[in-house]
Amino acid sequence: MKKRRLSFWEIWNMSFGFLGIQFGFALQNANVSRIFETLGARVEDIPVLWIAAPITGLIVQPIIGHLSDKTWSRFGRRRPYFMIGALFTTLALFFMPNSPSLWIAAGMLWIMDASINISMEPFRAFVGDNLPSEQRTMGFAMQSFFIGTGAVVASALPYILTNWFGVSNTAPEGMIPLSVKLSFYIGAVVLFLSVLYTVLTTREYAPEELAAFEAEREKTTGIKTVPKAPVTASQFLKKGLIWTFIGMVVNLLIMATPLGRQNGQLYIVGGLLLAFGLILLLSSAITKKSSGSNGMVGIMNDLLHMPKTMGQLAVVQFFSWLSFYAMWIYTTPAITQHVYGTTDSASALYNQGANWVGVLFAVYNGVSALSAFLLPVLARQIGRKATHAIALTLGGVSFISLFFIQDPNILLIPMIGVGFAWGSILSMPYAILTGSLPAEKMGTYMGIFNFFIVIPQILAASILGFITSEIFHGRVILTLVLAGCSLILGALSVFWVEDHDDVYRLKK
């Protein structure tokens, strides 16, 4: 019993839904800061408004992963979640650009991100479920191709509608331009149809088949997955008390400083540490009453028993996603301020710069799509770890170079390096990770792995506003330089990761 190798077009079909998911995600990334500023948000408040997105992912992805591991119906295991998420994301995309106020827009971001996560999380596990080890790098690279392709068009849509079709790019103060509204409507249709295509053209292995594949893998490799003993109530209690104490100390330190008291977003960090401690304490209480490990307790058990490779990749992910989250929320204000010399979101010059940011995002996503064909080839020659380290370094240097550029057209050059890094971030860590995961918990661990994407985003949303206003004195471009340094640290941390089923290592 061994998973069969899938053809190019079968991998294409199972990844096609990511075209629409990223279409919606790219519209969100390139335009939500613009919508917030149009509705009256200050630059330093934008990260806090964005906090909805990572917190939603932190909650939704492990739950959906856990549920999809336990689900099997005539519609499949992962595919029902694809469609449910796509339906709600479609509705959110129609409503978002029509938000009448800033706080409604922030709420819609929350709903939209939750819906995207419902669809996106099972797609990661889908590759691990359906592809043999030697094709997983290709599978995640194909997802990266569709992510890049969808984002290219989506990021450039306002610019295309304005410059090719004459759609208005300006609106009265407090109103969203028509070019942005139409972009979101088009994105809603593309997202729903592309996810529907994947659902109709793919099949899934039943849980019994996956168990047989896992047994055969253990037999042929001699490597067996030994279940770890469940975390006891006393262990949950001890860890819960430690994290609760850390959260309280962090909040007290923030309260003790004038700058901390003036920047309420810093409490988000302490609050999340405190919340994690309380969840562990709650898990302790539940474990005392019941020996079962389903639901929240099961997820926390798996988190505390995560494979070693996942813990090592968590460090890489932290630095990588901190950088890109800073780029998504700060590129528009950074470029309009540093290159176009304006902070007036109602001015034609600002909107011209904001549209150009959409083009820059289209370029980096286009490069990431093309890199999907280069990265697997490079990984076979020098290994996945070295490939990822090179990509992250190139991206970090590209971020830093933005500080030295004043010509909008030259900004296209560093976007090539950023795109190569983004393509690798979307594929290499997942290809490395799946080789260390038990098949019956693929969805759960993919959801937990999202913690290490979300936590740096929450940290960024909590502290970047403070850093930008208090340390960089409102010079937003310096925040992108900081992002570049973080990406280089991520590249260095790659070399501590263990990659057990790397084709390059096994070949040697």
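Above: the structure in question.
None of these values were measured; they are calculated from a predicted model. Just so you know, the residues in each chain are numbered from 1, in the order the chain's sequence is written. It should be noted that, the model being predicted, local features are given only for residues of pLDDT at least 70 and side-chain atom pairs only at 80 or more, the latter also being counted only at that level, while totals for whole chains, interfaces and linings use all residues. No hydrogens and no water enter the side-chain calculation; it runs on all heavy atoms of the structure.

Trainee: For the pattern of salt bridges, give the residues involved together with the corresponding values.
Mentor: A carboxyl oxygen of Asp or Glu within 4 Å of a side-chain nitrogen of Lys or Arg is what we treat as a salt bridge. Within this structure, the stated rule accounts for 10 salt bridges. A salt bridge links Glu204 to Arg79; the shortest N-O distance between them is 3.1 Å. Of this pair, Glu204 sits in the loop between α8 (178–201) and α9 (207–221) while Arg79 sits in helix α5 (residues 79–95); the two residues are 125 residues apart in sequence, bridging distant segments of the chain. We call a residue buried when its accessible area falls under 20% of the maximum for its residue type, exposed when it is over 50%, and partly exposed in between, using a 1.4 Å probe and counting protein chains only. Take Glu204: its relative accessible area is 6%, and that puts it in the buried class. With its nearest N and O atoms 2.8 Å apart, the salt bridge here joins Asp499 to Arg384. A helix here means a DSSP run of H or I that spans at least four residues, while a strand means a run of E at least two residues long, and both kinds are numbered starting from the N terminus.

Trainee: For a nonpolar patch on the surface, give the residues involved together with the corresponding values.
Mentor: The patch calculation keeps residues exceeding 30% relative accessible area without a salt bridge and links them within 9 Å when they carry like charges or within 5 Å when they are nonpolar (Val, Leu, Ile, Met, Phe, Trp, Tyr). Accessible surface area values rest on a Shrake-Rupley calculation with a 1.4 Å probe, where residue burial reflects the displayed protein chains alone. Among the surface-exposed residues, Ile242, Trp243, Phe245, Ile246, Val249 and Leu253 lie close enough to one another that they form a single nonpolar patch of about 540 Å² accessible area. Mapped onto the fold, Ile242 is located in helix α10 (residues 233–256).

Trainee: Outline helix α2 (residues 17–38), supporting the account with residue identities and numerical values.
Mentor: Helices are assigned an expected span. That span is 1.5 Å times one less than the residue count. With 22 residues, α2 should cover 32 Å at 1.5 Å per step; its first-to-last C-alpha distance of 31 Å lies within 8% of that length. Asn31 marks where α2 bends most, by close to 45°. Where α2 ends, the next residue or the one after it, Gly40, has phi of about 110°, a positive value. The bend at a residue is defined as the angle formed between two axes, one fitted to the seven residues ending at that residue and one fitted to the seven starting there.

Trainee: So what's going on with helix α14 (residues 308–338)? Residues and values would help.
Mentor: Along its 31 residues, α14 runs 43 Å from first to last C-alpha, staying within 8% of the 45 Å computed at 1.5 Å per residue. Burial runs high along α14: 25 of the 31 residues are buried.

Trainee: Tell me about the nonpolar core, and name the residues and values.
Mentor: Ranked by size, the top nonpolar core spans 126 residues in total, and within it Phe36, Met96, Phe324, Trp328, Tyr364 and Trp422 carry the most contacts. Ranked by residue count, the leading element in this core is α14, at 15 residues. Leave out the neighbours within four places in its chain, and Met96 touches Val32, Ile35, Phe36, Ala105, Met108, Leu109, Met112 and Phe184. Buried Ala, Val, Leu, Ile, Met, Phe, Trp, Tyr and Cys residues that are joined via side-chain atoms within 4.5 Å together make up what is termed a nonpolar core. Contacts between residues were defined by any pair of non-hydrogen atoms, one from each residue, lying within 4.5 Å.

Trainee: Can you break down the packing of aromatic side chains residue by residue, with the values?
Mentor: The rule is short: rings of Phe, Tyr and Trp, with Trp giving its six-membered ring, pair when the centres are within 6.5 Å, and they are stacked under 30 degrees, edge-to-face over 60, tilted in between. Scanning all chains against the criterion turns up 30 aromatic pairs. With a centroid separation of 5.1 Å and an interplanar angle of 85°, the aromatic rings of Phe8 and Trp9 are classed as edge-to-face. Between Phe18 and Phe123 the ring centres are 5.2 Å apart and the planes differ by 55°, which places this aromatic pair in the tilted class. Residue Phe18 is found in helix α2, and its partner Phe123 is found in helix α6 (residues 102–130); the two are separated by 105 residues along the sequence.

Trainee: Residue-level account of unusual backbone geometry, with values.
Mentor: At His473, a residue that is not glycine, the phi angle is positive and equals roughly 55°. Its location among the elements puts His473 in the loop between α20 (451–471) and α21 (477–493). Judged by its relative accessible area of 65%, His473 is exposed.

Trainee: Give me the side chain of Ser119: which residues, what numbers.
Mentor: Tracing the backbone through its elements, the reader meets Ser119 in helix α6. Among the residues examined, Ser119 registers a relative accessible area of 2% and is labelled buried. From its side chain, Ser119 meets the backbone oxygen of Phe82 in a polar contact 2.7 Å long. Setting aside residues up to four positions removed in sequence, Ser119 forms contacts with Ile21, Tyr81, Phe82, Gly85 and Ala86. A 3.5 Å cut-off defines polar contacts: any pair of N or O atoms within that distance qualifies, except that in protein one atom must be a possible hydrogen donor and the other a possible acceptor, and neighbouring residues in sequence count only when both atoms are side-chain atoms.

Trainee: Help me get a handle on the environment of Leu157, residues and values and all.
Mentor: The residue Leu157 is located in helix α7 (residues 136–165) in this model. Counting along the chain gives 205 residues from Leu157 to Ala362, while the straight-line C-alpha distance between them is 9.1 Å. In this structure Leu157 touches Phe23, Ser183 and Ile186, once residues within four positions along its chain are discounted.

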